[in-house]
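Residue strings, one per chain:
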Amino acid sequence: MILLSTKIIKKQILFLLFVFIGVQLHAQTRNSNYNIVWNTQSKNSSESMPCGGGDIGMNVWMENGDVLIYVAKSGNFDENNALMKTGRLRIKLSPNVFEGQLFKQELHLQEGYVTVQGENKGVKATIKIWADVFSSVAHVDISANKKINVEAAYENWRYQDRIVKSRENFANSWKWAAPKNNVYKKDVIDFNGNEVLFYHHNIAETIFDATVKQQGMDAVKDQLYNPLARLAFGGSFSGRNFVPAGTYQGEYVNTDYKGWKLKSNTAAKEHALSLYLYNEQVNDIGNWKRSLDSLQSVVNTNSKLAAAKTQQWWQQFWNRSFIEINNADTTSKAWQVGRNFQLFRYMLAINAHGGWPTKFNGGLLTVDPVFTDTSNKLTPDYRNWGGGLHTAQNQRLVYFPTIKNGDWDLLQPQLNFYLRLLKNAELRSKVYWNHGGACFTEQMENYGLPDFAEYGQKRPDGYDKGMEYNAWLEYEWDTVFEFCLMMLEENEYTGKDISDKIPFIESCLQFFDEHYQYLAKQRGSKVLDGEGKLVLYPGSGGETFKMANNSTSTIAALQTITKWLLALPAQYLTEEKIKHWQSFLQKIPPVTLSRYSGKMIIAPAKTWERINNTEPTQLYTVFPWGTYGISKPDYDVALNTFLMDTNVIKFKSHIGWKQDNIFAARLGLTNDAWDLTSKKLQNSGRRFPAFWGPGFDWVPDHNWGGSGMIGLQEMLLQVDDKKIMLFAAWPKNIDVHFKLNAPYNTTVEAEVKNGKLVTIKVLPVERMKDVTVLLQ
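Residues numbered from 1 in each chain as written. Predicted model: local features only at pLDDT ≥ 70, side-chain atom pairs only at ≥ 80, totals over all residues. Heavy atoms only, no water.

## Quick notes on helix α4 (residues 303-320)
Compared with an ideal rise of 1.5 Å per residue, which puts 18 residues at 26 Å, α4 spans 26 Å between its outermost C-alpha atoms and is within 8% of the ideal. In terms of residue burial, α4 counts as a mostly covered element, since 13 of its 18 residues are buried. (Helix = DSSP H or I, 4+ residues; strand = E, 2+ residues; numbered from the N terminus. Expected span 1.5 Å × (residues − 1). Buried < 20%, exposed > 50% of the residue type's maximum accessible area, 1.4 Å probe, protein only.)

## Observations regarding the packing of aromatic side chains
Taken as a whole, this structure holds 43 aromatic pairs when the rule is applied. Pairing W174 with F452 gives two aromatic rings, centres 4.9 Å apart and planes at 70 degrees, and the pair type is edge-to-face. Taken as a pair, W174 in the loop between β10 (162-163) and β11 (183-184) and F452 in the loop between β20 (443-444) and α10 (481-494) lie far apart in primary sequence, 278 residues in all. The two residues W174 and F452 agree in class, both being buried. Arranged with centres 5.6 Å apart and planes meeting at 85 degrees, the rings of W581 and F584 form a pair that is edge-to-face. Taken together, the residues span about one helical turn, with W581 and F584 both in helix α13 (residues 575-587) at a distance of 3 residues. Like W581, the residue F584 is buried in the burial classification. (Phe/Tyr/Trp six-rings, centres within 6.5 Å; stacked < 30°, edge-to-face > 60°.)

## Here's the deal with the sheet that holds strand β31 (residues 771-773)
Spatially, β26-β27-β31 is the arrangement adopted by the 3 strands of the open sheet, whose pairing is mixed. Each edge of the sheet is formed by a strand with only one pairing partner; in this case those strands are β26 (717-720) and β31. Taken pair by pair, the neighbouring strands of this sheet meet at an average axis angle of 20 degrees, ignoring direction. Bridge analysis of β26 against strand β27 (residues 723-726) gives 4 bridges, and the strand direction is antiparallel. When the bridges of β27 are listed, Q718 appears paired with M725. Across the face of the sheet, helix α18 (residues 702-716) comes into contact with β26 and β27 while running at roughly 75 degrees to β26. (Pairing = 2+ DSSP bridges. Axes fitted to C-alpha atoms, helices over the stretch in contact; angles between N-to-C directions. Contact = heavy atoms within 4.5 Å.)

## So, the pairing of strand β6 (residues 102-108)
Along β6, 5 of the 7 residues are buried, which leaves the element largely enclosed by surrounding structure. By the bridge criterion, 3 bridges tie strand β1 (residues 36-38) to β6 in an arrangement that is antiparallel. Each residue of the ladder has a partner; that of I36, found in β6, is L107. Here β6 runs beside strand β7 (residues 113-120); their pairing, made up of 7 bridges, is antiparallel. Across the sheet, residue E106 finds its bridge partner in β7, namely T115.

## Some details on unusual backbone geometry
At the junction of G693 and P694, the peptide bond is cis and its omega measures out at 15 degrees in the coordinates. With respect to the element layout, P694 can be found in the loop between α17 (670-681) and α18. The omega angle of the peptide bond from V699 to P700 is -10 degrees, so this bond is cis rather than trans. The topology assignment puts P700 in the loop between α17 and α18. Positive phi is not limited to glycine here, since Y744 has a value of about 65 degrees. Looking at the element boundaries, Y744 is found in the loop between β28 (736-742) and β29 (746-753). Given a relative accessible area of 33%, Y744 falls into the partly exposed group.

## As for the side chain of R767
Structurally, R767 can be placed in the loop between β30 (756-763) and β31. One polar contact links the side chain of R767 to the main-chain carbonyl oxygen of K722, over a distance of 2.9 Å. There is a polar contact of 2.8 Å between the side chain of R767 and the side chain of T746. Aside from chain neighbours lying at most four places away, what touches R767 is K722, I724, A742, P743, Y744, T746 and V762. (Polar contact = N/O pair within 3.5 Å; in protein donor to acceptor, adjacent residues only side chain to side chain.)

The values are spatial; any link to function lies outside them.
The following block contains the structure:
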């Protein structure tokens, strides 16, 4: 029986290798020259290289002859709702080949792994670092031309309780409202046989409990989704023929740590180390340990198959889509933009199968914070804007690019985040206002309630408990609709059945219908205005146009989502539901227009009381809602807004989450689109070219990269139902070759050289009739 299983596994490996070789031959002419190669060691963690896959992110660098690896896993939330690093690995070779003259560190982009090579006095060695895409396991494989010894250590700064410094609480959900002497509780770390076993097991009471009490949700506490209570996260580190070699203590940058060292039992030409990671909510840590043991057993039984499957996944990933620019001149700024687009897509892919979304403020790739802000001499667990805290306006820019890239697996962690919070959001509406619908706030925790600090610490007596007492966030409830849009677009692009998402979308719409009628009743006897429309007051245009009456971004969202819902195939809505949403559509007020220098422009709202931030939400009608655009009526109104509105002009920038490049692309403004997008996607100024930021957030700034990606996609390919418009904002003097996805299971591949379209391939071929080439 064992022999039969071995044969089957060998056949599977051979099949996967055959597929991999075939795909690789097709792909190797593409992004192989996008590999990042360093021939000198790094000064510190800020000069690290990203690596990962599945749900593991790693920062890899060589410093003073040691290979160092920060490791992070999706979902490592502690009692304070900080997103904690797994720890740091340190690899040393003896003899140390990295003390010689030859050194090479390379990100193999197509294959998804990093290698570090060295040679010293005739001894050559290569360390390969990679993550299993289908299991939470990271691997360190070492090969040499002569027998060498290896020391491998797991290092952790949470080996003891740490009092959290004031600023440090901005990495968790307490922010400025933390209890005095708030503590990050220590992990449990020790040798367990020949492995290092480490874990953090949250106590039952966490910041979730404090938030529920603060916000008056105690009556329904037992019904609320709570991802923090008794969450255990951690894993084990071990290697074939490795044994414990003691502990040590040290300091890296500005943080003390303790290391648990393993050493090879004998010198050998090949060594293999593995880091197994597992997260689960358990009352008994013994259950978590048994699950971790099971993961190890499964992975070790199928290790060769796992490597082949991971390689197959990466090759399929890169063949879904690509954008390559000016490949004939790798020294040009244009080529740099195309290369960095691909690098950032890799950074997104390392969390393809994560249980939680890739955070806009660093993803799984943050390092010591002092290298982002010199005043933050804090531990590697720090990032600004929280770990379990979700900020919708930032997150959307991380995930919209997945659609035209065809990366639907990458999108699922973000959509699932919202779906599992539906009940909590509906309970907010029921408890506070006794009506239906899901109330999602702009900034909320991974358990669906507003952040403890942002909720407001000095609230007036009797203030509505459902409201955030916060000048930035008050009445900002419409941002959830962008994720409703992603759900609907997945259906349009792939044909996927979204029956499970329809109740979510309807609940979000229901909240606006019922809540604004509820608010109208507080003011007077009528729930609608004289035209039979909802009065969306008080509202908000992003964080910018506050105390708004009929915010344009809200109206565009309600109109787009409702129309899209009504246009779905018949199986999704009953006749009764169709009539209901048709009636609701009639109640949505129109977008307000105004005049500037005699020309019509889009107003941010009917009225507003103050400007609080720098988001031109009047142009959300262009992106993401597509009310206006190059194929839409009243295009000139949107164009006037972009070119003439004084706030739009004042707010314009390429930094961070700014999306002016996307507006320009959608409006066919080639020069503006290229100028802003190329600035976004140019080299970051850090050693790794796609580690942008901090912008308004942190490094690497994922909403900086995401908005750059969207802009580049829109310059090349825009869609309007079945219409496909190519090169709407592309400079014809810049060569480009791309493959992107369009609705109705369509892919478009096209190439421009010397200002002329030389190749176009549309699949399925019958969709070619829907394509318009707008290259000027």
